[in-house]
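Letter by letter, the chains look like this.
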Amino acid sequence: MQAFRTLFQTVIALAVFLPGFWATTAVAQKSSLPVDLELVLAVDVSGSIDPDEARLQRDGYVAALTDPAVVKAISGGILGRVAMTYIEWAGEEYTTTVADWTMVEDEASARAFAATVARAPIQTALWTSISNIIDHALSTFPGNGFEGTRRVIDISGDGPNNQGGLVTKFRDRAVAQRVAINGLPIVNERASPFGWPALPNLDLYYANCVIGGPGSFMVVANTFADFARAIRKKLILEIADARPYSPQERIILAAGPKPPRETPPCDIGEQRVQWLLEN
């Protein structure tokens, strides 16, 4: 009799619970709008970037987001829409969402998103934690209201990771979640505002240590003045899913191939900080 009573109570509980469970699941599924791409635009504003360079980056993104070729790539997808968020980052204590997750599907929505990016104040902060921005970007995908065929973190920056853990650990975590990381290294030879020398062969560092995942690639900007050209090209390839598939073509240089160069180790930023502390 006791066993029968327990079974009866279980059946009643399931009868009450299951309709609510399936209704909640259906609402959750319905609330995620299908899109061709979920794209995190992660922009470096660390201390190595002065206000003029930060402005060049911001203006480059605003121009690219409203470029007719970029809008055409957005509307030309299978679903004809993408979801984007624009985040500025520096050390592991600094990430700022300038424009939260937004659907972009035509010229009007692209201009509205770009306007949100354009009107935010520009700030910079100390250190460079590519590790942290990858970790933070991953946390923004669940519950963002969209369900993309692809998920991409697009990282632009002018230096190596120097805080927050080894960058390859976080890159591999993203890849394990089938999130691609694309790169836009800003190659230049001038020292930071604090006198910190630029890292030689930053493009090779990005290729070896930062980008990863299905179809990952990078476009190199030769100086900050070249940023607008590079980000326009990169967004078109990213959004149209026309990125290179050959491993040999993953690095897209502004000008032809360069002679063999030494690839920096993936902990080069941490090594530099350690040297600074000891000297």
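As shown above, the structure is provided for reference.
Residues numbered from 1 in each chain as written. Predicted model: local features only at pLDDT ≥ 70, side-chain atom pairs only at ≥ 80, totals over all residues. Heavy atoms only, no water.

Enquirer: Give a detailed account of the layout of surface pockets, specifying residues and quantitative values.
Expert: Empty space left among the atoms is revealed by rolling a probe the size of a water molecule over them. When its volume is computed, the second largest pocket comes out at roughly 210 Å³. Around the second largest pocket, the lining is made up of 15 residues, and of these T149, R150, R151, R178 and P214 lie nearest the centre. Sorting the residues of the lining of the second largest pocket by element identifies strand 4 (146-157) and strand 5 (180-187) as the ones contributing at least two each. With six residues, the top contributor of residues to the lining of the second largest pocket is strand 4. Of the residues assigned to the lining of the second largest pocket, the class counts are three nonpolar, six polar and six charged. (1 Å grid on protein atoms, 1.4 Å probe; cavity = no way out; pocket = protein on both sides within 12 Å on 5 of 7 lines; lining within 4 Å. Points joined across faces, edges and corners; volume = space filled by probe spheres on them. Helix = DSSP H or I, 4+ residues; strand = E, 2+ residues; numbered from the N terminus. Nonpolar A, V, L, I, M, F, W, Y, C, P; charged D, E, K, R; others polar.)

Enquirer: Account for the pairing of strand 4, naming residues and giving values.
Expert: Counting buried positions along strand 4 yields nine of 12 residues, so the element is predominantly enclosed. Across 10 bridges, the pairing between strand 1 (residues 33-44) and strand 4 is parallel. By the bridge assignment, V40 is partnered in strand 4 with I153. Where strand 4 lies against strand 5, six bridges are found, and the strand directions are parallel. By the bridge assignment for strand 5, V152 is matched with A180. (Buried < 20%, exposed > 50% of the residue type's maximum accessible area, 1.4 Å probe, protein only. Pairing = 2+ DSSP bridges.)

Enquirer: Go over the side chain of D226 with me, naming the residues and quoting the values.
Expert: Inspection of the secondary structure assignment puts D226 in the loop between strand 7 (221-222) and helix 8 (227-239). There is a polar contact of 2.9 Å between the side chain of D226 and the backbone nitrogen of N222. (Polar contact = N/O pair within 3.5 Å; in protein donor to acceptor, adjacent residues only side chain to side chain.)

Enquirer: Which residues make up the state of the cysteines, and what are the values?
Expert: Scanning the entire structure with this criterion turns up one disulfide. What pairs with C209 in a disulfide is C266, and their sulfur atoms sit 2.1 Å apart. Between C209 and C266, the S-S torsion sits near -90°, and that sign places the bridge as left-handed. Within this pair, whereas C209 is found in helix 7 (residues 202-210), its partner C266 is found in the loop between strand 8 (251-252) and helix 9 (268-278), the two being separated by 57 residues in sequence. (Disulfide = S-S within 2.5 Å.)

Enquirer: Talk me through the side chain of R171; I want residue IDs and the actual numbers.
Expert: As for its placement among the helices and strands, R171 is situated in helix 6 (residues 167-176). A polar contact is formed between the side chain of R171 and the side chain of D172, at a distance of 3.1 Å. Filtering out sequence-adjacent residues up to four positions away, R171 remains in contact with I134, I181, N208, C209, V210, I211 and G212. (Contact = heavy atoms within 4.5 Å.)

Enquirer: Run through the pattern of salt bridges, naming residues and quoting values.
Expert: Under the counting rule described, the total for this entry stands at 12 salt bridges. The residue E38 makes a salt bridge to R151 at a minimum N-O spacing of 3.0 Å. With E38 in strand 1 and R151 in strand 4, the pair connects residues that are 113 residues apart, well separated along the chain. Its relative accessible area of 0% is what places E38 among the buried residues. (Salt bridge = Lys/Arg side-chain N within 4 Å of Asp/Glu carboxyl O.)

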